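Notes for the structure review
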Amino acid sequence: MSQAAARYLIAPEAKPAFARYARLHEDRARGRHVVLAPERAYEIDAISLAVLRLIDGEKPVGAIAADLAAQYSAPLDLVTRDVTALLQGLADKRLLREGPDAFAPPPLSALAQSYCASSGGPAGLLAELTHRCPLQCPYCSNPLELERANVELSAGEWGETFRQAASIGALQLHLSGGEPTLRRDLEEILTHAVEAGLYTNLITAGVTLDRARLETFAQIGLDHVQLSIQDVDAASADRISHYEGGFEKKRAFAAWVRQLGMGLTINAPIHRHNIDRLPQIIDFAVEVCAQRIEVAHIQYYAWANLNRAALIPTREKFLETVRIVDEAKARLKGVLNFDFVIHDHYATRPKTCTGGWGRSIVVVTPSGKALPCHAAQTLPGLVFDDVRMRPLGEIWRDGEAFNAFRGTSWMKEPCRSCDRREIDFGGCRCQAMAATGDPFATDPACELSPAHGAFSGLALSEAYVASPPFVYRRPGGGAAAPRAELESAET
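Note that the coordinates shown come from a computational prediction; the quantities given were computed from them, not determined experimentally.

What follows deals with empty space enclosed by the protein. Tallying each qualifying case throughout the model produces 5 cavities of 30 Å³ or more. Considered as a void within the structure, the largest cavity measures approximately 130 Å³ in volume. Surrounding the largest cavity, 17 residues form its lining, His 25, Tyr 115, Ala 166, Ala 170 and Leu 171 being those nearest its centre. Every element with two or more residues in the lining of the largest cavity is listed here: β2 (23-27) and α4 (155-167). Element by element, the count of residues in the lining of the largest cavity is highest for β2, at 3 residues. Residues that form the lining of the largest cavity fall into these classes: 9 nonpolar, 4 polar and 4 charged.

Structure, rendered in structure tokens:
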């Protein structure tokens, strides 16, 4: 393991500072302070705030503890213990570094400092800037009916959407697609995001940018990059993405991200064609000095549902990934942080969909439709407001689609009386619709769902037979046959 990827241990002589991609932030909408980090906002109390205001990369931890002990008339040993524990926790999340960072985020704009209290707003905005993409991954979460470039919001319209989102409490902005870097005006879009005071996450395949353009994004104020990989075997990655030579481009791109001081997450969707190389995928994340890795078993809607039989792994393979991730978490503590999304067909309880419908995230499509989740258009009968026609705050509070499954009053049994109804909020509405034809039904991933047996049975009927060819993600679906050299499928 390289020295750059070693765990940062907080000792009395350590001089910690926030990394370029982490910072203290006053959340004016909610009247609190948070630490903003890649795709996260960690709420902190007054004591933690006092500690974190003192870390500057120059002052040793021992001196910080001594100052605080004197300020609060508290025993030095207890203060040192608590300060060390707080800082070690943040260091293990890869949010601190030794000494000042050579890179600095831009100062908060006057606009961002003018926001007022606003309760109940979203924590994040997922901005689907475009559905255009050079890759054709068969598990893409974009809808089967892809939106064309001529309906995309302009940079100015995105800027107004960002300002409205931030004013009602959004902290995190996820710039997604398709491939967002295909927007020639992404620099202008990013400038609007930074001016709005949002923490910026670029979700990209990493195959369309050169270093110079990425450096421009860093100079504007891009905080963090989530880089998707299809596999660490180059030939397999080419076949999955239907794009040749992508893996080495991604390796170079990851190096540029770290050289420019931005945060880096590796996003690794897992399915039957790459599941055996999960250990090597984790090794790759360490090699490129990523702070985080998302090991995400495929969610089966949109293109993934169309390709379910080609993607779904066996139960035994899935359970092996649980063991691999648990072992890697322990081995790589303080080196690599893990988000692990389990496989729904092998689950007994559902996941909380986007933190609960209409509770934390708003999605805006390339054409400006505001959605409670990125697959919500698969549900029949919902009306989705256009951000150009109605203020985002009004859409969030009063929009028909956002209120359709917000809270618990819409639930049927067994969800209505379940003691987890305000934990998982009934699970995924889109998955319930896809599996049962009823968006009000219990998520079939739940063992209490009447549809759970049939849902689990899909895995037994599909995962243990040969994989059919992919239907690649492209306008018109799989009408065009894959290139001959990429045609064969793993079983």
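Let us now look at the state of the cysteines. Evaluation of the coordinates by the stated rule reveals 0 disulfides. With no disulfide of its own, Cys 373 has Cys 430 as its nearest cysteine by sulfur position, at a separation of 3.7 Å. Accessibility expressed as a relative area gives 4% for Cys 373, which makes it buried. In this structure Cys 415 is a free cysteine whose sulfur lies 6.5 Å from that of Cys 446, the closest cysteine sulfur available.

Between helix α5 (residues 186-195) and helix α6 (residues 211-220), the shortest axis-to-axis distance is 9 Å and the interhelical angle comes to 20°. Taken as axis vectors, α5 and α6 run roughly parallel relative to one another. Crossing handedness for the pair α5 and α6: right-handed. In contact with Leu 186, Glu 187, Leu 190, Thr 191 and Val 194 of α5, α6 contributes Arg 213, Thr 216, Phe 217 and Ile 220. Across the contact of α5 with α6, the residue classes break down as 5 nonpolar, 2 polar and 2 charged.

A word on the packing of aromatic side chains. How two aromatic rings sit relative to each other is set out by the distance from centre to centre and by the angle between their planes. The final tally for this structure, using the stated rule, is 8 aromatic pairs. A centroid spacing of 5.2 Å and a plane angle of 90° characterise the contact between Phe 405 and Trp 410, whose relative ring orientation is edge-to-face. For Phe 405, a relative accessible area of 4% puts it in the buried group. Overall, the relative accessible area of 10% leaves Trp 410 in the buried class. Grouped by ring-pair contacts, the aromatic residues Trp 357, Phe 405, Trp 410 and Phe 440 constitute a single cluster. Taking NZ or CZ as reference, Arg 406 lies 5.1 Å from the ring centre of Trp 396, over its face.

In terms of nonpolar packing, the biggest core is built from 71 residues, with Phe 162, Leu 175, Ile 266, Ile 282, Ile 293, Leu 336 and Phe 338 touching the most fellow members. Residue contributions to this core peak at 6 residues, all from helix α9 (residues 278-287). Setting aside residues up to four positions removed in sequence, Phe 338 forms contacts with Ile 282, Ile 293, Val 295, Val 325, Ala 328, Lys 329 and Leu 332. Core analysis: the second largest hydrophobic core is formed by 31 residues, Tyr 21, Ala 50, Ile 55 and Ala 91 among them.

In this model, the protein chain carries a mean pLDDT of 92, and residues with pLDDT of at least 70 account for 96%. A low-confidence stretch, residues 478-491 (pLDDT under 50), is modelled with 28 contacts involving residues beyond four sequence positions or located in other chains.

Across the sheet, 3 strands lie side by side as β2-β3-β4; this open sheet has antiparallel pairing. Each of the sheet's edge strands pairs with one partner strand only, and the pair in question is β2 and β4 (40-44). Mean inter-strand twist for the sheet, computed between neighbouring axes without regard to direction, equals 40°. In terms of strand pairing, strand β3 (residues 32-37) meets β4 through 5 bridges, oriented antiparallel. Considered in β4, the bridge of His 33 is made with Ile 44.

Checked against the element boundaries, Tyr 199 lands in strand β8 (residues 199-204). Sequence separation of Tyr 199 and Pro 350 is 151 residues, and the distance between their C-alpha atoms is 29 Å. Not counting chain neighbours up to four residues away, the residues in contact with Tyr 199 comprise Tyr 21, Arg 23, Leu 36, Ala 37, Pro 38, Glu 39, Leu 171, Gln 172, Leu 173, Asp 223 and His 224. Among the polar contacts made by the side chain of Tyr 199, one reaches the main-chain carbonyl oxygen of Tyr 21 at a distance of 2.6 Å.

Among the structural elements, Ala 401 can be located in helix α14 (residues 400-404). Along the chain, Ala 401 and Leu 125 lie 276 residues apart, while their C-alpha atoms are 16 Å from each other. Once residues lying within four places of it in the same chain are set aside, the contact partners of Ala 401 are Trp 357, Pro 372, Leu 382, Val 383 and Phe 384.

Here the amide bond leading from Gly 177 into Gly 178 is cis, since omega sits at 10°, within 30 degrees of zero. Structurally, the position occupied by Gly 178 is in the loop between β7 (172-176) and α5. Here the bond from Glu 413 into Pro 414 is cis, since omega is 5°, no more than 30 degrees from zero. Tracing the backbone through its elements, the reader meets Pro 414 in the loop between α14 and α15 (429-436). Despite not being glycine, Glu 39 has its phi angle at roughly 60°, a positive value. Secondary-structure assignment places Glu 39 in the loop between β3 and β4. A relative accessible area of 17% places Glu 39 in the buried class. Although it is not a glycine, His 242 sits at a positive phi angle of roughly 55°. Mapping His 242 onto the fold places it in the loop between α7 (234-241) and α8 (246-259). A relative accessible area of 7% means that His 242 is categorised as buried.

Scoring rules and cut-offs
- Residues numbered from 1 in each chain as written.
- Predicted model: local features only at pLDDT ≥ 70, side-chain atom pairs only at ≥ 80, totals over all residues.
- Heavy atoms only, no water.
- 1 Å grid on protein atoms, 1.4 Å probe; cavity = no way out; pocket = protein on both sides within 12 Å on 5 of 7 lines; lining within 4 Å.
- Points joined across faces, edges and corners; volume = space filled by probe spheres on them.
- Helix = DSSP H or I, 4+ residues; strand = E, 2+ residues; numbered from the N terminus.
- Nonpolar A, V, L, I, M, F, W, Y, C, P; charged D, E, K, R; others polar.
- Disulfide = S-S within 2.5 Å.
- Buried < 20%, exposed > 50% of the residue type's maximum accessible area, 1.4 Å probe, protein only.
- Axes fitted to C-alpha atoms, helices over the stretch in contact; angles between N-to-C directions.
- Parallel < 35°, antiparallel > 145°, perpendicular 65-115°, else oblique.
- Left-handed = near helix turned anticlockwise from the far one by under 90°.
- Contact = heavy atoms within 4.5 Å.
- Phe/Tyr/Trp six-rings, centres within 6.5 Å; stacked < 30°, edge-to-face > 60°.
- Lys NZ or Arg CZ within 6 Å of the ring centre and 35° of its normal.
- Core = buried A, V, L, I, M, F, W, Y, C linked by side-chain atoms within 4.5 Å.
- pLDDT = per-residue confidence, 0-100.
- Pairing = 2+ DSSP bridges.
- Polar contact = N/O pair within 3.5 Å; in protein donor to acceptor, adjacent residues only side chain to side chain.

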